[in-house]
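Architecture at a glance
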Amino acid sequence: MTRPAGARPSPPAPGRTLRSLSELPVSVLETLSPKKAAALADWGVDSVLDLVTTYPRRHLDRTHRAELADLAVGDEAVVMAEVRRVNAPPSRNRRSRVVLEVSDESGGTLTIVFFNQSWRAKQLAKGTEALFFGKVTEYRGTPQMVMPAVDVIVGVDDESAAHRRRTLRVIPIYPASAKAGLTSWEIGTWVAEALDRAKTFADPLDDEWRERLDVVDRTTALWGIHLPDTMAEVAPARRRLVFDELFRLQLSLVLRRRSLERDARAVRHSVSPLDVTAVRGPADAGQGSTAETETSLVREFLLRLPFELTGAQRRALAVIFADLAGPLPMHRLLQGDVGSGKTVVAVASLLASVQGGHQGALMVPTEVLAEQHFSVVSGLLGSLDVADPGHLEGRRPVRVNLLTNRTTARQRAKLHAGLSAGEIDIVVGTHALLTDDVTFASLGVVVIDEQHRFGVEQRAALREKGRSGHDGEGADPDLLVMTATPIPRTAAMVVFGDLDMTTLDELPPGRTPITTLWARAPLDELAAWEKVRAEVAAGRRAYVVCPLVEGSDRVVARSAVDEFERLSSEVLPGLALGLLHGQMPAANKEATMAAFRRGEIQVLVATTVIEVGVDVPEATVMVVENADRFGIAQLHQLRGRVGRGSDQSWCYLLAEAPAGDAPARLEALEATTDGFELAEVDLELRGEGTILGVRQKGRSDLRLARLRRDRALLDEARRVAESITEHDPLLADHAVLQDEIRLFLDDDEAAFLFKS
Ligand code: ADP
Ligand code: MG
């Protein structure tokens, strides 16, 4: 979607801007008492902008509402009625009862009964108007609703209500808060005053864009969602407001991307076409045509692998090498389910940097993982050489080092020197890499594994290390971030919209699927321990994962420390058990992991420290205790620790009588091992809030948008954002829009986006 050539920027639009609304405290409203203003503040609503973006949860069409006089027994109904009488008879047994009599203008009456909710008597005092949702039953000849869902619409002290409720045909139902003492009606009254006084709102989209997108203008949208005359106004209003939310988000991501590109100083990588040929796999690497001199580090590395790359790995590397060879620094996200083989892709990318005389850094979130990656990378590199004119032979082995908080001061000093002199080619480490005294001679590629554990700032900080090389003359390293927590495309567009995306959608061959069983009863649990004994007897290994390190009541959740004791003495006597948790000294952690790798420890009782990346192919059973306390993504990660070899593996999820949506989570894990499918279920169960929590910058602006439902608008928003910034990368000709973006971001981020 592009704007026709020659179109001139629109003149500043009349009407209130979002910023001006954000600068008005709600106390300017005449209908709002200071006491209620305080209640609103507690609820997170301070400005008029906060208020007008508090949207109705739904709308009640008075013209189609059920009237009490017409209700029949057996109906599922929504009725709006006024409380006429409240009766809370003293209870005979210990069950308290509140009985209401309600009526409406139709003249009908209905009895409403609540059990064990004595507070309803106060909430629904005489004179309150509320919505009741429920099934109409009959008791001794009188129609009644037992325990209906309730929305208080008009509280007894809502004075302005009487007049307005008669004039409104569609009643907006706001997310009223009984706790803050705010009714839907009150909120509606304040919003109405705000709209009355503001009248019109500045629109960042001109007529032409609105026509193309088929959206109403902002004034129509805000009035239409809060004070519609008919229900037909609500959907278009919502559509426009959702578009705005998604558009601001996509625009800030696209601007971020453009800003990075604007002042990019890319590293010149020497990735030869041969490297890409090599990744086509040994079978078609073209025998004979490659003279000794034409070889490259990447090529040698790939040819020496004990396995063939999967198609997905090859495709990913081809894209990455194209990025590396290109004129802009890479910003790419590599998504790949647990076990899809991201490490090899990472190492090949790092080597691409090394073969051009630059360095590579691999950052991971935990020490356990750093140590493991270090040994894997060292192992994979074997005796590969890199050209070095400073050496007598003109070549030397590729040097890889490890940097964590455990690295001693002496080792650290040596390492820092080696990195800044360019003698160390690849460094694997934790956050320790981010400290100021780490400088690189020439950092060419940065890989961040399990990126969800890091913030945007940390990504940026490591990238900055490239600039600091060569006395500040350095360039921006190419960045590859990897995640094994797949998220649906829509959510990815929101969370990682400033990155390009590649997916490893194929697992290496020969994996036997993991059988997952939710142990619902004590007998199921016995079967789990039986399986642990059997697998260990057959020479394999097991993980037992507990939600806590220590302490707590066993009834609430099992701790690793207690469970280690219990399993050693009662359940798995005679087996070699080990204990691993985050509070252990690092040296013990490493020793324990090493013993488990060697098989000296057969059963590792651990907390979620093993969640990410740990790779011990002989481990074939996992028992997760109190599995209902973990989320889907976390269980999927944990489970990925088994099934890494060619043997059949098992995962037992222990959870008796889980509450809430835990059964749905556990069933999903039983049903599939596909991370993307699980991610969809997760999004469905948790809503967007939690996933968007990953976004760390700016204020959360998604109030109406629902990613699954508004997929099409999200794509549209992305296209418009790309199109507008292509011609106007700093939004200089789109003042209202620029101001809005600034409003929703923090100052640093805004300064970054709009610096020219
Ligand atoms: P993840 O994507 O979860 O980080 P890893 O990189 O740890 O996965 O790889 C999981 C296991 O699969 C490792 O033992 C690795 O050596 C192996 N592997 C990676 N790629 C292949 C392949 N193409 N063929 C066979 N095994 C592979
Ligand atoms: Mg990994």
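Quick note: structure is the one above.
The text that follows walks through the structure, step by step, so that each part is easy to find.

Every one of the 16 residues lining ligand 1 counts as a neighbour, but Glu308, Gly339, Lys342, Thr343 and Arg511 are closest to it. Residue Lys342 places a side-chain N or O atom 2.7 Å away from an oxygen atom belonging to ligand 1. In this structure, Arg644 approaches ligand 1 through a side-chain N or O atom, which is 3.0 Å from an oxygen atom. Protein contact buries 83% of the 560 Å² of open area that ligand 1 shows by itself. Counting atoms within 2 Å of the grid points, the majority share of ligand 1 lands in the largest pocket. The class makeup of the residues in the shell around ligand 1 is 4 nonpolar, 6 polar and 6 charged.

For the pair helix H18 (residues 522–537) and helix H19 (residues 560–571), interaxial distance at closest approach is 13 Å and the crossing angle is 75°. Considering their axes alone, H18 and H19 lie roughly perpendicular with respect to each other. Of H19, the residues touching H18 (which contributes Glu525, Trp529 and Arg533) are Glu563, Arg566, Leu567 and Val571.

Across the interface, helix H14 (residues 367–381) lies against helix H20 (residues 586–598) with an axial gap of 10 Å and an inter-helix angle of 50°. As summarised for this structure, H14 and H20 are arranged oblique, according to the angle between their axes. Crossing hand, H14 versus H20: right-handed. Contact with H14, carried on its side by Glu367, Val368, Glu371 and Gln372, involves Ala586, Lys589, Glu590, Met593 and Arg597 of H20 and no other residues of that element. For the contact of H14 with H20, a count of residues per class yields 3 nonpolar, 1 polar and 5 charged.

Attention now moves to the environment of Ser118. The residue Ser118 is located in the loop between strand S4 (109–115) and helix H4 (120–123) in this model. Along the chain, Ser118 and Ser96 lie 22 residues apart, while their C-alpha atoms are 6.5 Å from each other. Not counting residues up to four positions away in its chain, the partners in contact with Ser118 are Ser96 and Val98.

Phi at Asp214 takes a positive value of approximately 55°, unusual for a residue other than glycine. In this structure, Asp214 sits in the loop between helix H7 (207–213) and helix H8 (218–226). Judged by relative accessible area, Asp214 falls into the exposed class, the value being 59%. Even without a glycine there, the phi angle at Leu731 is positive, about 55°. Considering the arrangement of structural elements, one finds Leu731 in the loop between helix H25 (711–727) and helix H26 (735–744).

Here we come to the pairing of strand S9 (residues 331–336). When you tally the buried positions in S9, you get 6 out of 6 residues, the bulk of the element. In S9, alternate side chains face the same way, and those of His331, Leu333 and Gln335 on one face and Arg332, Leu334 and Gly336 on the other are all buried. Pairing of S9 with strand S16 (residues 478–483), which is carried by 5 bridges, proceeds in the parallel orientation. When the bridges of S16 are listed, Leu334 appears paired with Met482. Two strands pair when backbone bridges link them, and S9 and strand S17 (residues 500–504) are joined in this way by 5 bridges, in the parallel orientation. Bridged to Arg332 within S17 is Asp500.

Position of Gln313 relative to the elements: it lies in helix H12 (residues 311–325). In terms of polar contacts, Gln313 uses its side chain to reach the backbone carbonyl oxygen of Gly341, at 2.9 Å. When near neighbours in sequence (up to four residues on either side) are disregarded, Gln313 contacts Ser340, Gly341, Val344, Val345 and Leu504.

With that settled, consider the pairing of strand S20 (residues 577–580). The side-chain alternation of S20 yields two buried faces, one formed by Leu577 and Leu579 and the other by Gly578 and Leu580. The β-α-β motif built from S20, the intervening H20 and the parallel element strand S21 (residues 603–606) has right-handed crossover chirality.

A separate point is the packing of aromatic side chains. Per the counting criterion, the structure on display carries 2 aromatic pairs. A ring pair is formed by Phe243 and Phe247, whose centres lie 5.2 Å apart and whose planes are at 20°; its orientation type is stacked. On the criterion of helical spacing, the pair formed by Phe243 and Phe247 is a turn pair, its members being 4 residues apart in helix H9 (residues 234–262). Comparing Phe243 with Phe247, the two get one shared label, buried. Between Tyr543 and Phe596, the aromatic rings sit 5.0 Å apart at their centres with planes inclined by 55°, giving tilted as the arrangement. On the criterion of sequence distance, the pair formed by Tyr543 in strand S19 (residues 541–545) and Phe596 in helix H20 is long-range, its members being 53 residues apart. Owing to a relative accessible area of 0%, Phe596 belongs among the buried residues under this scheme. Over the aromatic face of Trp209 sits the side chain of Arg212, whose NZ or CZ is 5.7 Å from the ring centroid. Note that Lys531 overlies the ring of Trp650, its terminal NZ or CZ placed 3.8 Å from the centroid.

So, on to the environment of Leu100. Residue position: Leu100 is located in strand S3 (residues 97–103). When the C-alpha positions of Leu100 and Met145 are compared, they lie 9.9 Å apart, and in sequence the two are 45 residues distant.

Across the sheet, 7 strands lie side by side as S13-S14-S10-S15-S16-S9-S17; this open sheet has parallel pairing. Two strands close off the open sheet at either side, each with one partner strand: strand S13 (400–403) and S17. Across the sheet, the axes of successive neighbouring strands diverge by a mean angle of 20°, strand direction being ignored. Two elements, strand S10 (residues 359–363) and strand S15 (residues 443–448), share 5 bridges in a ladder whose sense is parallel.

Regarding helix H27 (residues 747–754), the residues found buried are Glu749, Ala750, Leu753 and Phe754. Mapping the buried residues of H27 onto a view down its axis gives an arc of 120°, with all of them on the same face. Residues of H27 that are exposed and point over 90 degrees away from its buried face: Asp747 and Asp748. Tucked into the core, H27 has its buried residues touching H9 and H26.

Within the structure shown, the criterion is met by 37 salt bridges. The partner of Asp739 in a salt bridge is Arg19, with the nearest N and O atoms 2.6 Å apart. Of this pair, Asp739 sits in helix H26 while Arg19 sits in helix H1 (residues 18–22), placing them 720 residues apart in sequence. Taking relative accessible area as the criterion, Asp739 reaches 24% and is therefore assigned partly exposed. In this structure, Lys36 and Glu186 form a salt bridge, with 2.9 Å as the shortest nitrogen-oxygen distance. Separated by 150 residues along the polypeptide, Lys36 in helix H2 (residues 34–42) and Glu186 in helix H6 (residues 184–198) bring together distant segments of the chain. A single burial state applies to Lys36 and to Glu186, both of which are buried. Here the salt bridges do not stand alone but share partners, grouping Asp203, Asp207, Arg210, Arg218, Arg240, Asp244, Arg248 and Glu740 into one network.

Conventions adopted
- Residues numbered from 1 in each chain as written.
- Chains lettered and ligands numbered in written order.
- Predicted model: local features only at pLDDT ≥ 70, side-chain atom pairs only at ≥ 80, totals over all residues.
- Heavy atoms only, no water.
- Near = heavy atom within 4 Å.
- Polar contact = N/O pair within 3.5 Å; in protein donor to acceptor, adjacent residues only side chain to side chain.
- Areas by Shrake-Rupley, 256 points an atom, 1.4 Å probe, with all protein chains shown as cover.
- 1 Å grid on protein atoms, 1.4 Å probe; cavity = no way out; pocket = protein on both sides within 12 Å on 5 of 7 lines; lining within 4 Å.
- Sits in = over half its atoms within 2 Å of the grid points.
- Nonpolar A, V, L, I, M, F, W, Y, C, P; charged D, E, K, R; others polar.
- Axes fitted to C-alpha atoms, helices over the stretch in contact; angles between N-to-C directions.
- Helix = DSSP H or I, 4+ residues; strand = E, 2+ residues; numbered from the N terminus.
- Parallel < 35°, antiparallel > 145°, perpendicular 65-115°, else oblique.
- Contact = heavy atoms within 4.5 Å.
- Left-handed = near helix turned anticlockwise from the far one by under 90°.
- Buried < 20%, exposed > 50% of the residue type's maximum accessible area, 1.4 Å probe, protein only.
- Pairing = 2+ DSSP bridges.
- Right-handed = clockwise from strand over helix to strand, strands pointing away.
- Phe/Tyr/Trp six-rings, centres within 6.5 Å; stacked < 30°, edge-to-face > 60°.
- Lys NZ or Arg CZ within 6 Å of the ring centre and 35° of its normal.
- Arc of directions from axis to C-beta.
- Salt bridge = Lys/Arg side-chain N within 4 Å of Asp/Glu carboxyl O.

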